[in-house]
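Structural overview for review
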Amino acid sequence: MANCYLVTGCAGFIASRVCEMLLADGHTVIGWDELNDAYDPRLKEWRLTRLRQYPHFSFHQIDVADRPTVEKAFPDSITAVINLAARAGVRASVVNPEVYYRANCFGTLVLLEACRRHNVKKFLLASTSSLYGAHNPVPYQEDADTSRPLSPYAASKKAAETLAYTYHYLHGLDISIVRYFTVYGPAGRPDMSIFRFIRQIAEGEPITVFGDGSQRRDFTFVDDIARGTIAALRPLGYEIINLGGDRSVELNTVIAEIARLLGKQPTIVHRPPHPADVPATWADVSKARHVLGWTPQIPIEEGLRRCVEWYLEYRDVMRTIRLGDG
């Protein structure tokens, strides 16, 4: 049966892929995005142009933290709200924490309140592996202690999760919270390592590595993340679920593989480790397998190959994209 979904942050990296998959399955998608300049807006426009090709997609430029506008524009008769609007990024949140709390915490509150008022029973919230901090053993399980986040970004997502539980408890909303682990893929965020490394190595620019490159991340391909997000739209009551690649890979290994795919030798500039970064992430995805029937399907080697091919196809534009600080 075809449904109608409100997807916030629809021009973003993950949300645009979620929208594409929903639309390809015959659903209707109402997309909201404020189109801010947190990173180069040309990438958002590139994604939005693809979405506009679908007849059952409509777009509205809306900031989810703008309560009067959200209340006025909130659609009737939708199946669920998929809240992927967020300010993302650990290091940038240390510099400008206020915008993170406005988007991630207050924006979530505005949407939860709209769901309550309009009797929308299903709410999906995108969260982050950054909540696990540096004190939990890997692989991270969903019941690990998340009371010691290392960045305002992680703290704002923790606050959003807590608000979501409150609305489940008080108002009966069916809540799915999906914690994402280092998502990458074609048209990815230019402030994240894989986009930056591909661009910089391809164009002969030096790449910056914080620390010695031995830090490990559970890199997760965007198609796997989008599939897991859609799977979590089923009735769950209140659940927090990790979505990760189920494999922790050293950053130096990723750099070497990108260099091999491009046939170029990288120039690496090392900088001190950032205090908000953690040494390793790794998702225990056994709950996602059990509850959602979901497992990651794209290994890092295949995912990097697709990213490099995409970059080379759109190189004329992507070589000029503002990268951000990563």
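Residues numbered from 1 in each chain as written. Predicted model: local features only at pLDDT ≥ 70, side-chain atom pairs only at ≥ 80, totals over all residues. Heavy atoms only, no water.

Topic: the pairing of strand β5 (residues 122-128)
By the criterion of burial, β5 is predominantly enclosed, with seven of the seven residues buried. Burial along β5 is two-sided: K122, L124, A126 and T128 facing one way and F123, L125 and S127 facing the other are all buried. Judged from the four bridges that link them, strand β4 (residues 80-83) and β5 form a sheet pairing that is parallel. The partner of V81 across the bridge, within β5, is F123. Sheet analysis places β5 next to strand β6 (residues 174-180), joined by seven bridges and oriented parallel. Bridge pairing in β6 places T128 opposite Y180. Handedness of the crossover joining β5 and β6 through helix α6 (residues 152-171): right-handed. (Buried < 20%, exposed > 50% of the residue type's maximum accessible area, 1.4 Å probe, protein only. Helix = DSSP H or I, 4+ residues; strand = E, 2+ residues; numbered from the N terminus. Pairing = 2+ DSSP bridges. Right-handed = clockwise from strand over helix to strand, strands pointing away.)

Brief notes about the environment of A231
Mapped onto the elements, A231 comes out in helix α8 (residues 222-231). With 61 residues separating them along the chain, A231 and L292 place their C-alpha atoms 6.0 Å apart.

Quick look at the nonpolar core
Ranked by size, the top nonpolar core spans 74 residues in total, and within it I14, I82, L84, Y180, I194 and L243 carry the most contacts. If we ignore the near neighbours within four places in the chain, the residues touching L84 are T8, G9, I14, A15, V18, L124, A126 and Y180. Counting residues in each nonpolar core, the second largest holds 27 residues, with L112, A114, A164 and L173 among its members. (Core = buried A, V, L, I, M, F, W, Y, C linked by side-chain atoms within 4.5 Å. Contact = heavy atoms within 4.5 Å.)

A word on the sheet that holds strand β3 (residues 57-60)
Taken in spatial order, the seven strands of this open sheet run β3-β2-β1-β4-β5-β6-β11, and their pairing is parallel. Across the chains shown, the open sheet's two edge strands, defined by having one partner strand only, are β3 and β11 (238-243). Ignoring strand direction, the axes of neighbouring strands in this sheet form an average angle of 20 degrees. Bridge count for strand β2 (residues 28-32) against β3 is four bridges, and the pairing is parallel. The residue of β3 that forms the bridge with W32 is H60. Contacts from helix α5 (residues 97-118) reach β1 (4-8), β2, β4, β5 and β6, with the element oriented near 165 degrees to β5. Lying over the sheet, α6 contacts β5, β6 and β11, oriented at roughly 160 degrees with respect to β5. (Axes fitted to C-alpha atoms, helices over the stretch in contact; angles between N-to-C directions.)

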